[in-house]
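Chain and residue survey
Listed here are the chains, written in short residue letters.
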Amino acid sequence: MKITFYGHASLGITIADIHIIVDPFISANPKASHIDINSLEADYILLSHAHQDHILDVEAIAKRTNAVIVSNAEIATYYGKKGFQSHPMNHGGSWNFEFGNLKYVNAIHSSSFPDGTYGGNPGGFVIEGERKNIYIAGDTALTMDMKLIPMRTKLDLAILPIGNNFTMDIEDAIIASDFVECDKILGYHYDTFGYIEINKDQAIKKFFDKGKDLMLLNIGDGIEL
């Protein structure tokens, strides 16, 4: 399994020969100007919620690749009505896709499309694939529901928002890593704009002091699990 960071909360995940894009907000992010969305492969697009900074490039990528959009029922229906392939889910549900088992889990946030359309309840994803398991938290506050995840799945990586203001901050993300029982963390949803700028060295040290490894990737860089 390979995970590539495309800036903000955007990720590329490759499992075997299946390509997944998560929350694509790339073309309007000046920090990701070196990433060409027309070069990205996508068999599936996972969407945690409907805010513009998570869905901006969905239609451009899906139109070119014919990717299946996977999200909550409201978001999947929204894109289905536009003629895109979609797979609807809701909290607690899971589905065996060709890349592995995907579970849609709770997140505490809000969700609406830029045009004001209701975007359903926000969520995160647990992927069990290729003998590696990951948790993508989406935009969320710290929630006790995170404690449910390790009851079913032993994680190899937790991908957590750390930028504060709209989501968890560093301290809450450390607690979240305790809740999901995973000490290997990929941080995201930080530094894109002023509200969520962080001190990266300080963040890494705070995790390190708790015996945890916080990875903050350069945009375009990736890791192998």
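Notes on the structure follow.

Moving on, we get to the environment of Val 58. Relative to the helices and strands, Val 58 resides in helix H2 (residues 58–65). When the C-alpha positions of Val 58 and Ile 69 are compared, they lie 8.3 Å apart, and in sequence the two are 11 residues distant. Apart from residues no more than four positions distant in its own chain, Val 58 is found in contact with Pro 24, Ile 45, Leu 47, Ile 69 and Tyr 79.

Our focus in this paragraph is helix H6 (residues 200–209). Residue Asn 199 occupies the N-cap position of H6, its side-chain oxygen lying 3.3 Å from the main-chain nitrogen of Asp 201. Where H6 ends, the next residue or the one after it, Gly 211, has phi of about 80°, a positive value.

Before going further, it helps to examine the sheet that holds strand E5 (residues 68–72). Spatially, the seven strands line up as an open sheet ordered E6-E5-E4-E3-E2-E1-E14, and their pairing is mixed. Each of the sheet's edge strands pairs with one partner strand only, and the pair in question is strand E6 (86–89) and strand E14 (222–224). The mean angle between the axes of side-by-side strands here comes to 20°, regardless of whether they run parallel or antiparallel. The strands touched by helix H3 (residues 73–80) are E5 and E6; relative to E5, the strand with the most contacts, the crossing angle is about 145°.

Criteria and thresholds
- Just so you know, the residues in each chain are numbered from 1, in the order the chain's sequence is written.
- Confidence filtering applies because this is a predicted model: local features only for residues at pLDDT of at least 70, side-chain atom pairs given and counted only at 80 or more, and all residues used for totals across whole chains, interfaces and linings.
- Side-chain descriptors were evaluated using all non-hydrogen atoms of the structure, hydrogens and water having been removed beforehand.
- Only DSSP runs of H or I covering at least 4 residues are called helices, and only runs of E covering at least 2 are called strands; the numbering of each starts at the N terminus.
- The criterion used for residue contact is that any of the two residues' heavy atoms lie within 4.5 Å.
- Pairs of N or O atoms within 3.5 Å make up the polar contacts considered here, provided that, within protein, one atom can donate a hydrogen while the other can accept it, and that residues adjacent in sequence are counted only when both atoms are side-chain atoms.
- Pairing between two strands is assigned when DSSP locates at least 2 bridges connecting them.
- Here an axis means a line fitted to C-alpha atoms, over the contact stretch when the element is a helix, while the angle between two N-to-C directions is reported on a 0 to 180 degree scale.

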